[in-house]
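Chain by chain, the residues run as shown.
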Amino acid sequence: TKTMTDYSAHVPFAKKACDFLSSSPDPYHAVANMSATLDASGYKQLRKREPFEGKVEPGGKYYFTVNRTTLVAFAVGGKYKSGNGFKIIGGHTDSPNLKVKPRSKRCASGCVQLAVECYGGGLWHTWFDRDLGISGRVLLRNEGEDGKEKVVQRFVKIDRPVARVSTLCIHLQTAAERNAFSVNKEEHLSPILGTQTLLEDGVKAQLEGTTVEGNDKESDPWKQAQEPLLLETIASELGVDVKEIADFELNLFDTQPAALGGIKNEFLYSARLDNLATCFVSIESLVAHSESGLLEDDEDISLVALFDHEEVGSESAQGAGSPVMVDAIRRITTALSDHPHGLDPDRYSCAVRKSFVMSVDMAHAVHPNYAAKHEKNHSPKMNGGVVIKTNQNQRYGTNAIGGFIMREITRKAGIVPVQEFVVRNDCPCGTTIGPIISSSTGIRTVDAGMPQLSMHSCREVMGIADLTNGFDLFKCFFKHFREIDDSLEG
């Protein structure tokens, strides 16, 4: 009989990943949690509105955020010299979900509901019959110590199941509806918060235009368009008055926490593996590299950039299509420059040519029930290692140089070899931030990812060994890239 692999060595790191995933229901919480990890490791936060000059130095560790949903963290090598390169791992913080519309109030058939908008390309049928919480960013208007009005940002995470999208029972479905579950995203995905009879105080407030906490007429047009019970719940969660809430950006999430599963606990079941698993592993690897003692002799800058809005095209002020990456490289290079006038264009170009981006987004593992969907010689398996993704039509940024560098890292470090993925010729191919960053910066790029199943489902699955495989590869990338790249002709 075949002996099953022992996965116990991977469990502690996987449990740490579970904690991160469960506490990060949206990009705001994900970036906040990763920032806390960086703070604990001695990274200093930089303010984008302030100059980096005089604050960044060789051997230093830093990070900054954009919109609190995009994170850039970097460690400067102790032997860094002006014109040296960047070793970059790129990923994204967002995942498909249901976002609350600007006018959230919605009622039908005696039920109090929530108006939501589909974000990204989700497998929306998987959101039915899940116990959903609400999380995101809330703007609060209050009076500062100086007596002036001040607007502050707070993050809210309502962990209990306050919403649910229910399926239609089989008895009321036609034969055609039973054969193919079809979702009308506007009509069928509005979650139920409660019933009007049980929430009559809130309904009365809607009808009379009062707040849920009193009889004063609500004069704020924005508040008039919100579900009063939602505002009351948010206020209670944050410990503030409803009148302080000025605006919000909220999404729904599955309240079931991440968990280990499989007969030998070899799998991780969770929402948002695409791409928070990458976020977790990349920050952990950067911290490990900067705490290993290797930073002292490092000649380059090791950087992790995690962007928002990848699932909807990356075209935003905090997406990979924004100036964030170019600005980061330019500002860091300028702050470290020994040129009397700051940025030396020639040395900046040298830095770009010496740099490399590992664009990391979760990869498609072969599905045993749908194996024919994979190209037979490029069918990566869960727990089989990180996957290099190649597409000659430039949906991925990988070429021979990038692929070689990844394979050479695993060979030199003696870690699990990479797997390969190419989409079938008769199947469309997704894309990543890789080609976007490569074309906007001129930096060489390879696309890679840890393999998973159920991508874009409300709940996904990956192998726990691949968390370790990713961690080892990312650390070795920071350690060995310069030596490998210097050995390449041209």
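Attention in this report is confined to the structure presented alongside it. Everything quoted here is computed from the prediction, not taken from an experiment. (Residues numbered from 1 in each chain as written. Predicted model: local features only at pLDDT ≥ 70, side-chain atom pairs only at ≥ 80, totals over all residues. Heavy atoms only, no water.)

## Re the packing of helix 1 (residues 11-22) against helix 12 (residues 464-486)
Right, on to step 1. In the contact formed by helix 1 and helix 12, the axes pass within 9 Å of each other and the chain directions differ by 95 degrees. It follows that helix 1 is roughly perpendicular to helix 12 by the angle criterion. Two secondary-structure elements touch here, helix 1 through Val11, Phe13, Ala14 and Ala17 and helix 12 through Ile464, Leu467, Thr468 and Phe471.
Right, on to step 2. Of the residues belonging to the contact of helix 1 with helix 12, the class tally is seven nonpolar, one polar and no charged. (Axes fitted to C-alpha atoms, helices over the stretch in contact; angles between N-to-C directions. Helix = DSSP H or I, 4+ residues; strand = E, 2+ residues; numbered from the N terminus. Parallel < 35°, antiparallel > 145°, perpendicular 65-115°, else oblique. Contact = heavy atoms within 4.5 Å. Nonpolar A, V, L, I, M, F, W, Y, C, P; charged D, E, K, R; others polar.)

## Considering helix 1
Right, on to step 1. The terminal C-alpha atoms of helix 1, which comprises twelve residues, lie 16 Å apart, in line with the 16 Å expected from a rise of 1.5 Å per residue.
Right, on to step 2. Within helix 1 the residues assigned to the buried category are Val11, Phe13, Ala14, Ala17, Cys18, Phe20 and Leu21.
Right, on to step 3. As for helix 1, its buried residues are in contact with helix 2 (27-40), strand 11 (259-261), strand 12 (267-270), helix 7 (273-291) and helix 12. (Expected span 1.5 Å × (residues − 1). Buried < 20%, exposed > 50% of the residue type's maximum accessible area, 1.4 Å probe, protein only.)

## Concerning the sheet that holds strand 18 (residues 444-449)
Right, on to step 1. The strand order across the open sheet formed by nine strands is 1-2-3-13-4-14-18-16-17, and the pairing between neighbours is mixed. Pairing within the sheet leaves two strands with one partner each, and these edge strands are strand 1 (44-45) and strand 17 (419-421).
Right, on to step 2. Relative to strand 3 (residues 70-76), strand 2 (residues 61-66) runs antiparallel, the two being bridged by six bridges. If you follow Tyr63 over to strand 3, its bridge partner there is Ala73.
Right, on to step 3. Each of strand 2, strand 3, strand 4 (86-92) and strand 13 (301-307) is contacted by helix 8 (residues 324-335), which is oriented at about 155 degrees to strand 13, the strand it contacts most. (Pairing = 2+ DSSP bridges.)

## Looking at the sheet that holds strand 12
Right, on to step 1. The five strands lie next to each other as 11-12-20-19-15, forming an open sheet whose pairing is mixed. In the strand order of this sheet, the two ends are held by strand 11 and strand 15 (363-364), each with one partner.
Right, on to step 2. Where strand 19 (residues 451-453) meets strand 20 (residues 460-463), two bridges bridge the pair, whose relative direction is antiparallel. Across the sheet, residue Leu453 finds its bridge partner in strand 20, namely Val461.
Right, on to step 3. Strands in contact with helix 7 are strand 12, strand 19 and strand 20; relative to strand 20, the strand with the most contacts, it is inclined by about 40 degrees.
Right, on to step 4. Set on the sheet, helix 12 makes contact with strand 11, strand 12, strand 19 and strand 20; between it and strand 20 the angle comes to about 65 degrees.

## Examining the packing of aromatic side chains
Within a pair of aromatic rings, the relevant descriptors are the distance that separates the centres and the angle that separates the planes.
Right, on to step 1. A full pass over the atoms with the stated rule returns 14 aromatic pairs.
Right, on to step 2. Judged by centre distance (6.2 Å) and plane angle (55 degrees), the ring pair of Phe356 and Phe477 falls under tilted. Highlighted residues: Phe356 in strand 14 (residues 356-360) and Phe477 in helix 12, separated in sequence by 121 residues. Here the two residues Phe356 and Phe477 agree in accessibility, since each one is buried.
Right, on to step 3. Among the aromatic residues, those joined into a ring-pair cluster are Phe13, Phe20, Phe280 and Phe471.
Right, on to step 4. One cation-aromatic arrangement involves Arg330 over Tyr348; the distance from NZ or CZ to the ring centre is 5.6 Å.
Right, on to step 5. The lysine or arginine in question, Arg331, covers the ring of Phe52, its NZ or CZ lying 4.0 Å from the ring centre. (Phe/Tyr/Trp six-rings, centres within 6.5 Å; stacked < 30°, edge-to-face > 60°. Lys NZ or Arg CZ within 6 Å of the ring centre and 35° of its normal.)

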